[in-house]
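Letter by letter, the chains look like this.
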Amino acid sequence: MTDEVPAWAAGRGLSSFVFREAVGQFRLPGMDLSKGPSGPLVFKGYMATATLHVDRVEFKRPLVARLGGNRSGTVLLADVLKILRKEPTRLVNGHVHLLTAEDDGSLRTASMSPEKTVAGNPRAIMFTWQQQERYGQFLTAVEEAWGRYRPL
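Summary of the structure given here. Bear in mind the structure is a predicted one, so any value in this text is a computation, not a measurement. (Residues numbered from 1 in each chain as written. Predicted model: local features only at pLDDT ≥ 70, side-chain atom pairs only at ≥ 80, totals over all residues. Heavy atoms only, no water.)

An α-helix turns once per 3.6 residues; consequently, residues spaced three or four apart project the same way. For helix α4 (residues 132-147), with 16 residues, the first-to-last C-alpha span of 22 Å sits near the 22 Å given by 1.5 Å per residue. Every buried residue of α4 is listed here: Tyr135, Gly136, Gln137, Phe138, Leu139, Thr140, Ala141, Val142, Glu143, Ala145 and Trp146. (Helix = DSSP H or I, 4+ residues; strand = E, 2+ residues; numbered from the N terminus. Expected span 1.5 Å × (residues − 1). Buried < 20%, exposed > 50% of the residue type's maximum accessible area, 1.4 Å probe, protein only.)

Structure below.
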């Protein structure tokens, strides 16, 4: 692993130490993500769990979230057009949204349609301030996996 900090991490003010620490906890000894993970990686967010496979991401919502109209979903990495993100702060939850052709743009905090909100979109996962490390780990992993499928 190199000591370089990716542009997205440097833009967030993460030092090389903080970045190495976050990625070091994410990467198991001997795990080389440049060739893809050896098995699915699981990330617990707020009211959802994301499972990153080699070719797709599965978002699972608990029963409590589904009762509110939120749905689980699966996104093929080849279908992702862009990865939209908002870092969690002490005041607002952050999220990672895998934008596909099914979406009509950025997500909103409130909307009449649950699918247009961060919590209700089946292709997004939220993270709280306390989960900011997991947010960084998920974002790093999904960007690396998507990089293998992104059109040139």
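Now that the structure is up, let's keep going.
All right, on to a nonpolar patch on the surface then. Taken together, the side chains of Tyr46, Met47 and Val64 make up a nonpolar region of the molecular surface, amounting to roughly 280 Å² of accessible area. Looking at where Val64 falls in the secondary structure, it is placed in helix α3 (residues 63-67). (Patch = residues over 30% accessible without salt bridge, like charges linked within 9 Å, V, L, I, M, F, W, Y side chains within 5 Å. Areas by Shrake-Rupley, 256 points an atom, 1.4 Å probe, with all protein chains shown as cover. Salt bridge = Lys/Arg side-chain N within 4 Å of Asp/Glu carboxyl O.)

Attention now moves to the sheet that holds strand β7 (residues 124-127). Read from one edge to the other, the open sheet built from three strands follows the order β5-β6-β7, with strand pairing classed as antiparallel. Every interior strand has two partners, whereas the edge strands, β5 (82-86) and β7, have only one. Here the average twist between neighbouring strands, direction ignored, is 10°. Bridge analysis of β5 against strand β6 (residues 94-99) gives five bridges, and the strand direction is antiparallel. Bridged to Arg85 within β6 is Val96. Its contacts with the sheet place α4 against β5, β6 and β7, and it is angled at close to 170° to β5. (Pairing = 2+ DSSP bridges. Axes fitted to C-alpha atoms, helices over the stretch in contact; angles between N-to-C directions. Contact = heavy atoms within 4.5 Å.)

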